[in-house]
Every structure is written in structure tokens, then in C-alpha cells.
Amino acid sequence: MSQASRAFMDRLGLSVPIVQAPMAGFQASALAIAVGGAGALGSLAGALLTPQMLRDEAKAVRAQAGRPLNVNFFCHQPAAVDEAREQAWRAALQPYYDEFGVDPRGIAAGPARLPFDDAAAAVVEELRPEVVSFHFGLPSPGLLERVRRTAAQIWSTATTVDEALWLEAHGVDAVIAQGLEAGGHRGMFLTDDITTQLGTMALVPQVVASTRLPVIAAGGIADAGGVAAALRLGAVAAQVGTAFLLCPEVTTSALHREALASEAARHTALTNLFTGRPARGIFNRLMRELGPMSDLSPVFPSAVTALMPLRAAAEKAGHADFSPLWCGQNARGARRVPAADIVRSLATMSESR
Ligand SMILES: Cc1cc2nc3c(=O)[nH]c(=O)nc-3n(C[C@H](O)[C@H](O)[C@H](O)COP(=O)(O)O)c2cc1C
């Protein structure tokens, strides 16, 4: 293990160089507490939590002695609704509405993915997590300064070398290099061109060589060999998401668990259909028939709304045809065991080297 990796762990009080990926909509304090107890960095994902929910979950983690905490936020610019695009999207979905007997006029807005704002900054000021990490760039300078004044380390995701350099120029303390293999949303923010996106093994050493920042490798890391390889490429730690998705501490739905544990998880793709931004999930009917990348889907995060009744109807009938089944390319590390066991199996080889 490199000196940089050791220093990174010591600064946060970690005993293993592993960060549990924040996973909005899939986890809260139970996962963060479990992985924290196993010596890794536990995370909370703020994007789908109200400030009060986030406060309660962070307090639950804080109630455990000696657990450092990462609180994560999306920082997209909420776009105004584009009526023409919304109508085109609903027209594309009309055959499915007909199939499931859904009246699209009655669709209410669903839970929105919230960007980091004043209320979230107030929670950070109150709970003072050791790390605040961002996806989709950084918030406004004023909000970022409020985070900095809490003494939290500030991290953000880079999917290209350009994004890593941009983040370094804007004063982050570490960068999460997210390779193309990763499950969930791509944190890309300087480009929306998915042809720029590199695999973890290509991205990590380039970011290490181009910046002076500690680099946390993410994407496709699902076993001890993967963690060791990330450290060899110069990363100080690995951020792991998909490998936790079958754990009892995670709120993955039954249909999603079934897909993750089946042959279906061997087929993933980037898709913008479910939210409006590219994210990796298990290939399903909607992706096959409309995309998986399509100009039709409204801007992030409003694409969610029109799909909600279809998702609900299909799930009721036992199908995940319209559900976002977020999953990285490497689901082999996902097992139905407590999260602490996943941390231990990720850590074994990296500790012994
Ligand atoms: C179900 C799921 C939800 C995710 N949600 C978030 C999130 O809320 N914030 C974030 O920064 N990253 C999120 N990610 C991306 C992870 O931070 C990380 O890049 C990814 O999980 C690493 O690749 P892996 O899934 O192959 O381990 C999510 C990933 C998954 C699988």
C-alpha cells in the first residue's frame, strides 16, 4: 500500500482503503453504519432525501462512535420544464400507456432528485461530516464555501481527465475517477458526449498522472483483486457501489435483486431513459425498445415522472421492464451477505500486500 493511501486512510480513521459508494434511493444509515463498522468509509446519498431525512440518517451514523461519514449530493442545475419535449416523450410512451391502461393526463410529479442547496448546506453545517462528495460537478462558489468552512474534505466525481483538472482548479481535496464500468449515473459534467467516457483502468492512471489530488477509483471494482489493482494504478482507495446491492442493509427492490442475481446482470448499458442523464443499468425492455440512449427523454431529472405509472404497473405484474435497474458491469461481487462481509472480502488482498 502506498504512503498516499496510508495517509488517506489515517486522515479519515479508516482501516481499509474502501469507500462505500453513496447510492441515492438505495440506502441510508444502515449501510453506512455497517461498512463503517468494518473499517471502510460509509456514505449517505442526499439526492433523494429531504433535509430532515438526511439529518436523521446522519445523526444515526453519528450516534455510532468513531465512524467517519461521507455525505453526497447531486449538483445539477434544475432545468425548466420543456413542454414540447415532455409531450414528445409522452407520445413515445403512449403505446405503453395504452398497453397498461394508464391515462397520462393524471400523472403527478414524482420524487425529484434534489441538487445541493441552502437547506442541504445547513445540514452539513450542523452534522459536520468528514467528507462531502458531489456528483455532476460542484455547487455554486457560495455554497461550496459554506461546506469548506465546516472543515469537511470536498470530493467530486470526474469521468475524464478534463473534469479532474477542472475539479482540481476549483479546489477539491480528492477526485473520484469514475470509470465507464460503474453502476448508476455517470458523474459527467463538462460534456454529455458518452464517447469521451473511459474505463476505470484507462481513467485512473491518467487522472493520477495529470493532477496532484488523491484519486479514488470507482467502477467495476468488486473483489480484493480489483481494489489491489486500483491501488497499483495510483488510486488511494476504491469506491464500490454495485457489490453492496444485494446486502440486507440496502433497500434494493425484490425485482431488482432478482435481476442482479441472475444472468440478466451480465447485460448492462448506459441509458438516459429513466432520468434524462446517462446511467448504467441492467438492459430491459424499455432500453431495448426505445434506446438505450435517446434524444426523446426530457432533461434530468424530469424524465422520471412520465415513466412512474408504467414502472408501477409493470412491477405490480412482476416485471422490471420499466424500472431503472442500476448495476455496474461487474455484478459478480454482489452477494446476499451483510455489508461488513463485502467490505472484508474487498479488503483481504489489499491488506496483505
Ligand atoms: C444503485 C446505484 C446508485 C448510485 N447513486 C449514486 C449517488 O447517489 N451519488 C453518487 O455520487 N454516485 C452514485 N452512484 C455511483 C457510485 O458512486 C459509483 O460511481 C459506482 O457505484 C462505482 O461503480 P460500481 O457500481 O461498479 O461499484 C450509484 C451507483 C449505483 C450502483
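Being a predicted model, the structure only gives us computed values, none of them experimental.

**A short note on the sheet that holds strand β4 (residues 131-135)**
Now for step 1: Reading across the sheet, the eight strands line up as β1-β9-β8-β6-β5-β4-β3-β2 and stay open at both edges, with parallel pairing between neighbours. Where the open sheet ends on each side, the last strands, each with one partner, are β1 (18-20) and β2 (42-45). Put simply, the sheet's adjacent strands are angled 25° from each other on average, direction ignored.
Now for step 2: With three bridges joining them, strand β8 (residues 215-218) and strand β9 (residues 237-240) adopt parallel strand pairing.

**Observations regarding the domain arrangement of the protein**
Interfaces are often described in size by the accessible area the parts lose on coming together.
Now for step 1: Per the domain assignment, the segments of the protein are domain 1 (1-78 + 114-246 + 334-353) and domain 2 (81-112 + 262-332).
Now for step 2: For domain 1 and domain 2, the distance between their C-alpha centroids amounts to 26 Å.
Now for step 3: Contact with domain 1, which involves 21 residues of that partner, is made by 18 residues of domain 2.
Now for step 4: Buried surface at the junction of domain 1 and domain 2, both sides included, amounts to about 1700 Å², of which 63% is carbon and sulfur.
Now for step 5: Inspection of the region where domain 1 meets domain 2 yields zero salt bridges.
Now for step 6: Counting the contacts that link domain 1 with domain 2 gives 10 residue pairs in polar contact (both at pLDDT 80 or more).
Now for step 7: When the residues that make up the side of domain 1 that touches domain 2 are grouped by side-chain class, the tally is 13 nonpolar, six polar and two charged.

**Describing the site of the ligand**
Now for step 1: Pro22, Asn72, Gly220, Gly241 and Thr242 are the nearest of the 22 residues found near the ligand.
Now for step 2: Within the side chain of Asn72, one N or O atom sits 2.8 Å away from a nitrogen atom of the ligand.
Now for step 3: Of the pockets mapped on this structure, the ligand occupies the largest cavity.
Now for step 4: Going through the elements one at a time, β3 (69-74) and β9 are the ones with two or more residues in the shell around the ligand.
Now for step 5: Classifying every residue of the shell around the ligand by side-chain character gives 12 nonpolar, 10 polar and no charged.

**Focus on the packing of aromatic side chains**
Now for step 1: As enumerated under the stated definition, the model contains 11 aromatic pairs in all.
Now for step 2: Considering the side-chain rings of Trp166 and Phe189, the 5.1 Å spacing of their centres and the 65° angle between planes classify their relative orientation as edge-to-face. With Trp166 in helix α7 (residues 161-169) and Phe189 in the loop between β7 (184-185) and α8 (200-210), the pair connects residues that are 23 residues apart, well separated along the chain.
Now for step 3: On the accessibility criterion, Trp166 (28% relative accessible area) is partly exposed.
Now for step 4: Relative to Trp326, the ring of Phe274 lies with its centre 5.9 Å away and its plane at 85°, an arrangement referred to as edge-to-face. Highlighted residues: Phe274 in the loop between β10 (268-271) and β11 (279-282) and Trp326 in the loop between α12 (303-316) and α13 (339-352), separated in sequence by 52 residues. Accessibility classification places Phe274 together with Trp326 in one group, the buried group.
Now for step 5: Across the ring face of Phe136, the terminal group of Arg277 is positioned such that the distance to the ring centre comes to 4.0 Å.
Now for step 6: Its end group placed over the ring of Phe300, Arg277 keeps NZ or CZ at 5.3 Å from the ring centre.

**Description of empty space enclosed by the protein**
Now for step 1: Scanning the entire structure with this criterion turns up one cavity of 30 Å³ or more.
Now for step 2: In this structure, the largest cavity occupies an estimated 540 Å³ of space.
Now for step 3: Lining the largest cavity we find 34 residues, and of these Ala21, Pro22, Met23, Gly183 and Gly184 sit closest to its centre.
Now for step 4: Secondary structure elements with two or more residues in the lining of the largest cavity: β3, β4, β6 (174-178), β7 and β9.

**Observations regarding the environment of Val204**
Now for step 1: Looking at the secondary structure, you find Val204 in helix α8.
Now for step 2: A relative accessible area of 1% means that Val204 is categorised as buried.
Now for step 3: A C-alpha to C-alpha distance of 9.6 Å links Val204 and Leu231, two positions 27 residues apart in sequence.
Now for step 4: Apart from residues no more than four positions distant in its own chain, Val204 is found in contact with Ala177, Val215, Ala217, Leu233 and Ala235.

**Details of the layout of surface pockets**
Rolled over the atoms, a probe as big as a water molecule pinpoints where empty space is left.
Now for step 1: When its volume is computed, the largest pocket comes out at roughly 410 Å³.
Now for step 2: Forming the boundary of the largest pocket are 23 residues, of which Leu48, Arg113, Val304, Arg311 and Pro324 lie nearest the centre.
Now for step 3: Counting residues per element, the lining of the largest pocket draws most heavily on α12, which supplies six residues.
Now for step 4: Its residues placed into classes, the lining of the largest pocket shows 13 nonpolar, seven polar and three charged.
Now for step 5: Taken domain by domain, the lining of the largest pocket gets at least three of its residues from each of domain 1 (1-78 + 114-246 + 334-353) and domain 2 (81-112 + 262-332).

**Side note on the sheet that holds β11**
Now for step 1: One open sheet accounts for three strands, arranged β7-β11-β10; its pairing is antiparallel. At either end of the open sheet lies a strand with only one pairing partner, and these are β7 and β10.

**A word on the environment of Gln206**
Now for step 1: Inspection of the secondary structure puts Gln206 in helix α8.
Now for step 2: Look at Gln206 and you get partly exposed, because its relative accessible area is 37%.
Now for step 3: C-alpha separation for the pair Gln206 and Ala164, spaced 42 residues apart in sequence, amounts to 9.7 Å.
Now for step 4: Gln206 has contacts with Val161 and Leu198, leaving out every residue within four places of it along the chain.
Now for step 5: Within the local environment of Gln206, its side chain forms a polar contact with the backbone oxygen of Ala202, the two atoms lying 3.3 Å apart.

What counts as what
Residues numbered from 1 in each chain as written. Predicted model: local features only at pLDDT ≥ 70, side-chain atom pairs only at ≥ 80, totals over all residues. Heavy atoms only, no water. Pairing = 2+ DSSP bridges. Helix = DSSP H or I, 4+ residues; strand = E, 2+ residues; numbered from the N terminus. Axes fitted to C-alpha atoms, helices over the stretch in contact; angles between N-to-C directions. Domains from an automatic or database assignment. Contact = heavy atoms within 4.5 Å. Buried area = accessible area lost by both parts, 1.4 Å probe. Salt bridge = Lys/Arg side-chain N within 4 Å of Asp/Glu carboxyl O. Polar contact = N/O pair within 3.5 Å; in protein donor to acceptor, adjacent residues only side chain to side chain. Nonpolar A, V, L, I, M, F, W, Y, C, P; charged D, E, K, R; others polar. Near = heavy atom within 4 Å. 1 Å grid on protein atoms, 1.4 Å probe; cavity = no way out; pocket = protein on both sides within 12 Å on 5 of 7 lines; lining within 4 Å. Sits in = over half its atoms within 2 Å of the grid points. Phe/Tyr/Trp six-rings, centres within 6.5 Å; stacked < 30°, edge-to-face > 60°. Buried < 20%, exposed > 50% of the residue type's maximum accessible area, 1.4 Å probe, protein only. Lys NZ or Arg CZ within 6 Å of the ring centre and 35° of its normal. Points joined across faces, edges and corners; volume = space filled by probe spheres on them.

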